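Letter by letter, the chains look like this.
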Amino acid sequence: MTSLLSFILALTTAPLIPGIINRIKAVSAGRQGPPLLQNYYDLAKLMKKGVVYSHTTTWLFKASPVIQCAAACAALLIVPFGGGAALLHFKGDLLLFAYLLAMGRFFLVLGALDTGSSFEGMGASREVLISALTEPAFLLGFTALASFTGRFSLTGICHSVSFLSLFESAGTATLLIVVAMMLVFLTENARIPVDDPNTHLELTMVHEVMVLDHSGPDLALIEYTAALKLWIYGALLIGIVNPAGRHTLAMGLLIGLAGMAVIAILTGFIESIMARLPWVRVPQLIASALVLSILASIIVGW
Amino acid sequence: MTLFLWGITIIFISGFLVFLPGRGKAAAMISQTALIAGSLLTAVALYPVLIQDQVLHISLQWMTPEIRFALHLDALSALFILPVLLVGVLGRIYGSRYLPAEWHAMRQKNHWFFYHLLTAAMVLVLTAWNAVLFLIAWEVMTVASFFLVLYHGEAPSVRRAGWIYLAATQVGTALLIMMFILLSGPSGAMDFDQLVMPAGIHGTLVFLFMLVGFGAKAGLIPFHIWLPEAHPAAPSHVSALMSGVMIKTGIFGIIRIITLLQTPPAWWGWVLVGIGALSGVQGLLYAMAQHDLKRLLAYCSVENIGIITLGLGIGTLGLNQASTLMAILGFGGAVWHMLNHALFKSLLFFGAGSIQHATGSLQMDQLGGLLKRMPRTGITFLIGAAAISALPPFNGFISELLIYRGAFESILHFVNRSLPHQMGGLLIMGALALMGGLALAVFTKAFGIIFLGEPRSEGASKARENAPQMWGPMAALALGCMALGFASPWLIKAALPVFKTLLPTFQQDILLAELLELQEMLFYILWGSLAFIGFLILAGALRWLLLRGKTVQQAPTWGCAYSAPKPKMQYSASSFTQPLVRLFKTLLRTRSHVHSPLSYFPTKADLHTHTPDLFLESVYAPLMQWIQRLTDRMRWVQEGRIQLYILYIALTLLFLFIWKL
């Protein structure tokens, strides 16, 4: 029941997170900023529009947003939220999670290549580099957690670690993994310092440039998927930190939502005070997440 | 057993049928039908072995009491034979349209003769139960495939490729002969069940000879050099059969030798893990840097053999630690990946052949936009690419999942006991995850550059879909990729006979209990996959509803308002992977030749990059030169007169007699 509720909560409130981030960025820059619900208005507007397709594209271009969205929704099933278990949880579910998201990325990249545009080709090329490095960072981080909790599922891990364990023997390791996962969060969601969601120059973009040619409902699906991914990685971060352990239904969801807001605010501040890294230094940043994960495993195994 | 013997005999004889008199087309058809019939018979004979857990065995008097004609068909060999038959038949059908219709040409008749011979030899290798018979079948397999690679032998590059293949695999065979001599023990028995693993240094030697001997066939780094040479040179159906099936006989050999020992030493497992991880990562990095599709696929085979070897390593550790779960996950993942790779790699090699057939090129930077022009080839290739990138719900994900899980169980097994072992498990995890990410890059590149965008050459823009004989086998393999993914929970339980053969010392009820636990995991995976498909339908329906009655316009791709875009301006195969290639430059050593415009006005400029095989260039080539210099000094032994050679033989015999006295 909790699981279903948090799943529906995720589907409905995910587009709010970019709204919070943007508001924080606006406030820190001294602007008023768009309304918190701007993302919902955008989605509604896009869904009402028609579409324009390039002469070059094939059916794959049209299928790509649908597949991305479906993959993100299926991955969401595996993510626990608010202290409860996920709808789908079993030994090894974190691999299904990782590879479902890889499925989405596979088609995101192919959709970009389908346009034959060199801008989108460049975005795709950068995306595969980022994902080739993020996947080991993510999986090794969770393997470290799994090896000291003895659980090999996202739900199991999130139930076994909590904020209090930060002060115990495995605390240092958990802390390292939290930092690594924060980097993964920023990378996977194409945020500063890896990618700038607000840039208007094609040459500097990664995620945004890959979706340049999408329009109408297709673009809505992509924007929605991006919001879902923010939620998914945010929920995992909250799950690892798990500030208050297990709770009643309402309390758990409330704490979860508060955590999500904190992550959004944090992201907003990071984006306000940092600049995007030069492209050549992005692999180093992701590699540092990888190193933190490995370090955590060594500490755990000691 | 009779049925099986009939089947394999028909496959063998069918090769001779191409030489029937006449115009040739009828003969080719008859031999093709005979091959299919023989394969079907053999497959039927496999049924009781795989399902009812029977073991078929035959042992006939042959050369000497030790050297018997012994065949042994258990669940493991049956599982390895299945893809041989499937890919063999599909490749035969595919090849009948892929090769030019010169039925009468002697070259083609020979080609098909060796193709049928190769199929029969592989089945024999997988069932031989006597070392000498095994080696003979092994050599027939090698020689037959060598002639198949040489189909376009008039080209010097093809002859060079064939030569490298023959040299690599012959060195391997030499080591295998030594390995079997060490294994045969004091009694000289050569039947597999009488082989004895020697203790001490000889046991180590057996392991090393096995690793190099079988590893050279399988294509493990650093013995992989023949794959990227031979596969691009061979016709595509031959590449499919060799890469999809034949290299797995090396894996089969490794499994057979390892399971001779009930508790192999742990370091065997770690060596396998290390070599597997190296092959996996380095293979994919090389694949990424290639411009030729078939070279890319060949390096990708190296990667997949690496994944399989990782699984074997975990399984060996499981045997060593007497951990049923680790052994099942390791060996099970490896064998499953063997099956999966046979399906999707043959599919991709068929795809490469179809592309070459339709466009005349395999250079990715000459292709593009083929999905519109060859829709059936395109979608089957896409399924193969997704499956080999281990994306759910396809089969590749299931086998990699088992190996991942095996790595995790090994970490759990060693946690708080031994840090180095635990780090080993972590290494497997990290290597698999890195391979997952890199495979995504390699196969989005292969599919994206070839099938999407605008055609980059005249040949690509005029491409048309090939005959059904060519895309039909691809469609069958694509269906297989999906079926092995969706049926995984039932298949793992049905594989109990295979696990019993692999792990005879483990208690059966524990085996079954662990299999049931894994079945549960796979059922959850199935639910996840079905949920994904459900969301796919929902999102698709939503999109359809939203678009109903809306305007759908066509326009050029957004190009920053540049009005004269050309196909050449698209991202190419090299530019797509340039960031990754640069990141891994220490491992790849890609060479580039740049002519950049120096003056203020645009002039002609060009850039060439190529990534030679480091092992071939800096290890094998110098080694071979050194050997050649050495052998040049031995030339005087080769007089050329036959009397002298007979004298050599007589002297050797004499020496041996004196030595034994």
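Residues numbered from 1 in each chain as written. Chains lettered and ligands numbered in written order. Predicted model: local features only at pLDDT ≥ 70, side-chain atom pairs only at ≥ 80, totals over all residues.

Draft legend 1. Layout of the overall build of chain A. Counting secondary structure elements, chain A contains 12 helices and 1 strand. Start at the N end of chain A and walk to the C end: the helices and strands fall as α-α-α-β-α-α-α-α-α-α-α-α-α. Counting all 302 residues of chain A, 63% fall into the buried class. Expressed as a percentage of contacts within chain A between residues at least 6 apart in sequence, the contacts between residues at least 24 apart total 78%. (Helix = DSSP H or I, 4+ residues; strand = E, 2+ residues; numbered from the N terminus. Buried ≥ 20, exposed ≤ 12 C-beta atoms within 10 Å, placed from the backbone. Contact = placed C-beta atoms within 7 Å.)

Draft legend 2. Inspection of the overall build of chain B at higher detail. Looking only at helices and strands, one finds 26 helices and 5 strands in chain B. For 661 residues, the compact-globule estimate of 2.2 N^0.38 gives 26 Å, and chain B sits close to it at 26 Å. With the C-alpha coordinates of chain B rotated into their principal frame, the extents come out at 90 × 65 × 55 Å. Sorting the 661 residues of chain B into buried and exposed places 55% on the buried side. For chain B, long-range pairs separated by at least 24 residues make up 78% of all intrachain contacts whose partners lie at least 6 apart in sequence. (Rg over C-alpha atoms; globule rule 2.2 N^0.38 Å.)

Draft legend 3. Representation of the interface of chain A and chain B within the structure. Taken together, the contacts link 67 residues of chain A with 68 residues of chain B. When residues of the side of chain A that touches chain B are traced back to their parent elements, those giving at least two are strand 1 (51-54), helix 4 (59-76), helix 5 (93-114), helix 6 (118-149), helix 10 (216-241) and helix 12 (282-301) of chain A. Per-element tally for the side of chain A that touches chain B: the top contributor is helix 6 of chain A, with 18 residues. Among the residues making up the side of chain A that touches chain B, the classes are represented as 41 nonpolar, 18 polar and 8 charged. Alignment of strand 1 of chain A against strand 3 (residues 552-555) of chain B, held across 4 bridges, turns out to be parallel. When the sheet's bridge partners are listed, Ser54(A) is paired in strand 3 of chain B with Ala555(B). (Nonpolar A, V, L, I, M, F, W, Y, C, P; charged D, E, K, R; others polar. Pairing = 2+ DSSP bridges.)

Draft legend 4. Local environment of helix 12 of chain A. Counted at 1.5 Å a residue, the expected span for helix 12 of chain A with its 20 residues is 28 Å, and the 29 Å between its end C-alpha atoms agrees. Among the residues of helix 12 of chain A, those classed as buried are Val282(A), Ile286(A), Ala289(A), Leu290(A), Leu292(A), Ser293(A), Ile294(A), Ala296(A), Ser297(A), Val300(A) and Gly301(A). Against the buried residues of helix 12 of chain A lie helix 6 and helix 8 (171-188) of chain A together with helix 17 (419-451) of chain B. (Expected span 1.5 Å × (residues − 1).)

Draft legend 5. Representation of the environment of Gly216(A) in the model. Looking at where Gly216(A) falls in the secondary structure, it is placed in helix 10. In this structure the C-alpha to C-alpha distance between Gly216(A) and Leu87(A), which are 129 residues apart in sequence, comes to 31 Å.

Draft legend 6. Representation of the domain arrangement of chain B within the structure. Domain parsing of chain B yields domain 1 (300-305 + 324-542) and domain 2 (614-660). Its C-alpha centre places domain 1 of chain B at a distance of 46 Å from the equivalent point of domain 2 of chain B. (Domains from an automatic or database assignment.)

Draft legend 7. View of the packing of helix 5 of chain A against helix 17 of chain B. Look at helix 5 of chain A against helix 17 of chain B: their axes get within 10 Å of each other, and the N-to-C directions meet at 30 degrees. When the axes of helix 5 of chain A and helix 17 of chain B are compared, the pair comes out roughly parallel. Of the two possible hands of crossing, helix 5 of chain A and helix 17 of chain B adopt the one that is right-handed. Two secondary-structure elements touch here, helix 5 of chain A through Ala102(A), Arg105(A), Phe106(A), Val109(A), Leu110(A) and Leu113(A) and helix 17 of chain B through Gly436(B), Leu440(B), Thr444(B), Phe447(B) and Gly448(B). For the contact of helix 5 of chain A with helix 17 of chain B, the residue count by class is 7 nonpolar, 3 polar and 1 charged. (Axes fitted to C-alpha atoms, helices over the stretch in contact; angles between N-to-C directions. Parallel < 35°, antiparallel > 145°, perpendicular 65-115°, else oblique. Left-handed = near helix turned anticlockwise from the far one by under 90°.)

Draft legend 8. Region of the structure containing the environment of Gln290(B). All names here are of chain B. One can find Gln-290 in the loop between helix 11 (266-289) and helix 12 (293-321). Judged by local crowding, Gln-290 falls into the buried class, with 25 C-beta atoms found within 10 Å. With 283 residues separating them along the chain, Gln-290 and Ala-573 place their C-alpha atoms 8.3 Å apart. Among residues more than four places away in sequence, those in contact with Gln-290 are Arg-295, Leu-296, Tyr-299 and Thr-611.

Draft legend 9. Spatial organisation of unusual backbone geometry. For the bond from Ile192(A) to Pro193(A), the omega torsion is 10 degrees, close enough to zero to count as cis. Position of Pro193(A) among the secondary structure elements: in the loop between helix 8 and helix 9 (207-210). Residue Pro222(B) is reached from Ile221(B) by a cis peptide bond, and omega for that bond is 10 degrees. The backbone of Ala190(A) sits at a positive phi, close to 55 degrees, despite the residue not being glycine. With a phi angle near 65 degrees, Asp53(B) is a residue other than glycine that sits in the positive phi range. Assignment of secondary structure puts Asp53(B) in the loop between helix 2 (25-51) and strand 1 (56-60). Judged by the 14 C-beta atoms lying within 10 Å of it, Asp53(B) is partly exposed.

Draft legend 10. Molecular detail of the packing of helix 4 (residues 106-127) of chain B against helix 5 (residues 131-149) of chain B. Residues and elements named next belong to chain B. The contact between helix 4 and helix 5 brings their axes to 8 Å, and the two run at 150 degrees. Here helix 5 runs roughly antiparallel to helix 4, going by the angle between their axes. Here helix 4 and helix 5 pass one another in a crossing that is left-handed. Where helix 4 approaches helix 5, its residues His-111, Phe-114, Tyr-115, Leu-117, Leu-118, Ala-121, Met-122, Leu-124 and Val-125 are matched on the opposing element by Phe-134, Ala-137, Trp-138, Val-140, Met-141, Ala-144, Ser-145, Phe-147 and Leu-148. Grouping the amino acids of the contact of helix 4 with helix 5 by side-chain chemistry returns 16 nonpolar, 2 polar and no charged.

Draft legend 11. Quick peek at the environment of Ala70(A). Here Ala70(A) shows up in helix 4. On the neighbour-count criterion, Ala70(A) (26 C-beta atoms within 10 Å) is buried. Separated by 50 residues in the primary sequence, Ala70(A) and Glu120(A) place their C-alpha atoms 22 Å from one another. Once residues lying within four places of it in the same chain are set aside, the contact partners of Ala70(A) are Phe532(B), Phe535(B), Leu536(B) and Ala539(B).

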